[in-house]
Amino acid sequence: GEDVEQSLFLSVREGDSSVINCTYTDSSSTYLYWYKQEPGAGLQLLTYIFSNMDMKQDQRLTVLLNKKDKHLSLRIADTQTGDSAIYFCAEGSGSARQLTFGSGTQLTVLP
Amino acid sequence: GAVVSQHPSRVICKSGTSVKIECRSLDFQATTMFWYRQFPKQSLMLMATSNEGSKATYEQGVEKDKFLINHASLTLSTLTVTSAHPEDSSFYICSAREINNEQFFGPGTRLTVL
């Protein structure tokens, strides 16, 4: 079945850039997503990229997709303490666009 | 933006009782709703997919008689955990989507079974 993998932890200093990486196995993925989850809360959609795109930028967020290597990354510029959360990547495919989630990366922003 | 609510946000119940969790799309019609389960510090696991007016499709390993899903209208889906046991304690999250649109997630329901 589909598999999505992420590193579990990332720590950065406030003001630096954060890069969270994700790999996936399903070559039929049509959409790839990044979600943010704060403690005890649901998931907030941050951004997504269609599989025929290489890059998408949205304010402080930049998503890079290497479809050949099935590698997705999320760069957060000028990381702030409010960015501390768990970040999930997910791949979606099929007509129902069911999502398969990675394990989540806990981002800690140090002052 | 699209808003999905869940009720209750937290529930504590005794072993053997049944618990119903509601998921509502507040400002759009959800042709499809999804139910996920999340264990502490783990990822979301899809439990089932439901389309309005039809039976839910359960993922492998999820007991349909244990986790009853009803999607009776385009804005409401319910998950009933029947005869709950402590191992059913978890964070349950729903999501909803319009046709050809993205999934929007509810805030989650923390279930604790004593």
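Details of the structure are given in the entry above.
On a predicted model such as this, the values are computed, not experimentally measured, just so you know. (Residues numbered from 1 in each chain as written. Chains lettered and ligands numbered in written order. Predicted model: local features only at pLDDT ≥ 70, side-chain atom pairs only at ≥ 80, totals over all residues. Heavy atoms only, no water.)

Participant: Mind showing me how you'd approach the interface of chain A and chain B here?
Facilitator: How big an interface is tends to be stated in terms of the accessible area lost upon association of its parts. With 19 residues of chain A in contact, the opposing surface of chain B contributes 19 residues. Between chain A and chain B, the buried area comes to about 1400 Å², and carbon and sulfur atoms account for 51% of it. At the junction of chain A and chain B, the tally comes to 0 salt bridges. Counting across the interface, chain A meets chain B through 5 residue pairs in polar contact (both at pLDDT 80 or more). When residues of the side of chain A that touches chain B are traced back to their parent elements, those giving at least two are β4 (31–37), β5 (43–50) and β10 (98–101) of chain A. With 4 residues, the single largest contributor to the side of chain A that touches chain B is β4 of chain A. (Contact = heavy atoms within 4.5 Å. Buried area = accessible area lost by both parts, 1.4 Å probe. Salt bridge = Lys/Arg side-chain N within 4 Å of Asp/Glu carboxyl O. Polar contact = N/O pair within 3.5 Å; in protein donor to acceptor, adjacent residues only side chain to side chain. Helix = DSSP H or I, 4+ residues; strand = E, 2+ residues; numbered from the N terminus.)

Participant: It is not clear to me how the packing of aromatic side chains should be interpreted in this structure. Could you clarify?
Facilitator: Aromatic rings in a pair are described by how distant their centres are and how their planes are angled relative to each other. A full pass over the atoms with the stated rule returns 14 aromatic pairs over all chains. With a centroid separation of 5.5 Å and 40° between ring planes, the pair formed by Y36 of chain B and F105 of chain B is classed as tilted. Here Y36 of chain B is found in strand β4 (residues 32–38), whereas its partner F105 of chain B is found in strand β10 (residues 104–105), with 69 residues between them in sequence. The two residues Y36 of chain B and F105 of chain B agree in class, both being buried. Ring-pair connections join several aromatic residues into one group, and the members of that group are Y31, Y33, Y35, Y48, F50, F88 and F101 of chain A together with F34, Y36 and F105 of chain B. (Phe/Tyr/Trp six-rings, centres within 6.5 Å; stacked < 30°, edge-to-face > 60°. Buried < 20%, exposed > 50% of the residue type's maximum accessible area, 1.4 Å probe, protein only.)

Participant: Sorry, what's going on with the sheet that holds strand β8 (residues 76–81) of chain B here?
Facilitator: The strands making up a sheet associate through hydrogen bonds between their backbones, and the pairing can be parallel or antiparallel. Residues and elements named next belong to chain B. Taken in spatial order, the 4 strands of this open sheet run β1-β3-β8-β7, and their pairing is antiparallel. The open sheet terminates on both sides in strands that have one partner only, identified here as β1 (4–7) and β7 (67–73). Averaged over all adjacent pairs, the angle separating strand axes in this sheet is 15°, with direction ignored. Here strand β3 (residues 19–25) runs beside β8; their pairing, made up of 6 bridges, is antiparallel. (Pairing = 2+ DSSP bridges. Axes fitted to C-alpha atoms, helices over the stretch in contact; angles between N-to-C directions.)

Participant: How should I be thinking about the nonpolar core in this particular structure?
Facilitator: As a rule of thumb, nonpolar side chains are buried together in soluble globular proteins. Ranked by size, the top nonpolar core spans 23 residues in total, and within it W35, L79, Y92 and L111 of chain B carry the most contacts. Residue assignment for this core shows that the elements contributing at least two residues are β2 (10–13), β3, β4, β5 (44–51), β7, β8, β9 (90–97) and β11 (109–113) of chain B. With sequence-adjacent residues up to four places away left out, L79 of chain B is seen in contact with V19, K20, I21, W35, F67, L68, I69 and Y92 of chain B. Counting 20 residues, the second largest nonpolar core, distinct from the first, contains V4, V12, L46 and I49 of chain A. (Core = buried A, V, L, I, M, F, W, Y, C linked by side-chain atoms within 4.5 Å.)

Participant: How should the pattern of salt bridges be read in this particular structure?
Facilitator: If the charged atoms of two oppositely charged side chains come close together, the side chains can form a pair. Applying the stated criterion across every chain, the model contains 5 salt bridges over all chains. Where D83 of chain A meets R60 of chain A, a salt bridge forms, and the shortest distance between an N and an O atom there is 2.9 Å. Note that D83 of chain A is positioned in the loop between β8 (71–76) and β9 (85–93) and R60 of chain A in the loop between β6 (55–58) and β7 (61–66), a separation of 23 residues in sequence. Take D83 of chain A: its relative accessible area is 8%, and that puts it in the buried class. For E22 of chain B, the salt bridge goes to R24 of chain B, with nearest N and O atoms at 3.4 Å.

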